[in-house]
Every structure is written in structure tokens, then in C-alpha cells.
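Residues per chain, in single letters:
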Amino acid sequence: MFPKTAGSDEVDALIEGIASSFKASAGSQPITRSVGSLMGPGAKAGEAGWILEADFATLEHAMTALHAENFQDAKATTETLGSTIFLFEFREL
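Residues numbered from 1 in each chain as written. Predicted model: local features only at pLDDT ≥ 70, side-chain atom pairs only at ≥ 80, totals over all residues. Heavy atoms only, no water.

1. A closer look at the packing of aromatic side chains
- Summed over the entire model, instances satisfying the criterion amount to two aromatic pairs.
- Ring centres of Phe22 and Phe56 lie 5.3 Å apart, and the angle between their planes is 75 degrees; this geometry places the pair in the edge-to-face category. You can see Phe22 sitting in helix H1 (residues 8–24) and its partner Phe56 sitting in strand E4 (residues 52–56), a full 34 residues away along the chain.
- These aromatic residues form a ring-pair network of at least three members: Phe22, Phe56 and Phe71. (Phe/Tyr/Trp six-rings, centres within 6.5 Å; stacked < 30°, edge-to-face > 60°. Helix = DSSP H or I, 4+ residues; strand = E, 2+ residues; numbered from the N terminus.)

Right, dumping it as C-alpha cells:
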């Protein structure tokens, strides 16, 4: 999640860089991003302005992507912006 305080051009470039890095990593599945303003009660009260979702086949693939050399510059920029990264596993109900 990228903060509302970040500039949209900066976030767009960062999202493109992250997506490119993750696509180059083994095990990358679909990568999606929010479009337009976030909606709902949580969006009004929250600080997030954009969301990027990247799916991986396994947790190991996700960790490989996050530690890849070509992701480190994007990671540093993400941290500087005050973005939040969540890692989670899910299952179908």
C-alpha cells in the first residue's frame, strides 16, 4: 500500500518498476494495482492511496522476489515513501 501523500507519478513509476522486477522473478503470478481512488470506510480513514497486489506460487517464491537484486532500489524507495508491505497466505473457502 502506498501512502496518499506520495505523488501519483512517483507511485506509477515505482509500481511499474516493482511489477517488472517481480515478473522477472521465478514463480510470479498475476500482478494487479488499484485504479482510481480507494473506496469504502477504511479508505476514507486510512492513509493508503494506491494498492499493488502480487501473487506468487509459494511463500518461497515471494521471498525470492523480495530479496532479488533488481528489487532492492524499488524496495528502498518504497520504504522511504512510508509504504506498507503485507505478506500473507490465503486459502479458498
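2. With respect to a nonpolar patch on the surface
- Among the surface-exposed residues, Met1, Ile51, Phe86, Phe88 and Phe90 lie close enough to one another that they form a single nonpolar patch of about 570 Å² accessible area.
- Position of Phe90 among the secondary structure elements: in the segment after helix H4 (72–81).
- For Phe90, a relative accessible area of 65% puts it in the exposed group. (Patch = residues over 30% accessible without salt bridge, like charges linked within 9 Å, V, L, I, M, F, W, Y side chains within 5 Å. Areas by Shrake-Rupley, 256 points an atom, 1.4 Å probe, with all protein chains shown as cover. Salt bridge = Lys/Arg side-chain N within 4 Å of Asp/Glu carboxyl O. Buried < 20%, exposed > 50% of the residue type's maximum accessible area, 1.4 Å probe, protein only.)

3. Details of the nonpolar core
- Membership of the largest hydrophobic core comes to 17 residues, with the highest contact counts inside it found for Phe2, Val11, Leu14, Ile18, Phe22 and Phe71.
- Listed by contribution, the elements that provide at least two residues to this core are H1, E4, helix H3 (59–67) and H4.
- If one sorts the elements of this core by residue count, H1 sits on top with five residues.
- Each residue touching Phe2, except ones within four places of it in the same chain, is listed here: Val11, Leu14, Ile15, Ile18, Glu47, Ala48, Gly49, Trp50, Leu52, Thr78 and Ser83. (Core = buried A, V, L, I, M, F, W, Y, C linked by side-chain atoms within 4.5 Å. Contact = heavy atoms within 4.5 Å.)

4. Digging into the environment of Asp12
- Secondary-structure assignment places Asp12 in helix H1.
- Spatially, the C-alpha atom of Asp12 lies 9.8 Å from that of Arg33, the residues being 21 residues apart in sequence.

5. Remarks on the packing of H1 against H4
- At a closest axis distance of 10 Å, the pairing of H1 and H4 adopts a crossing angle of 145 degrees. As H1 runs across H4, the sense of the crossing is left-handed. Across from Glu10, Leu14 and Ile18 in H1, the residues of H4 making contact are Ala74, Thr77, Thr78 and Leu81.
- For the contact of H1 with H4, the residue count by class is four nonpolar, two polar and one charged. (Axes fitted to C-alpha atoms, helices over the stretch in contact; angles between N-to-C directions. Left-handed = near helix turned anticlockwise from the far one by under 90°. Nonpolar A, V, L, I, M, F, W, Y, C, P; charged D, E, K, R; others polar.)

Keep in mind that these numbers describe shape and distance, not what the molecule does.
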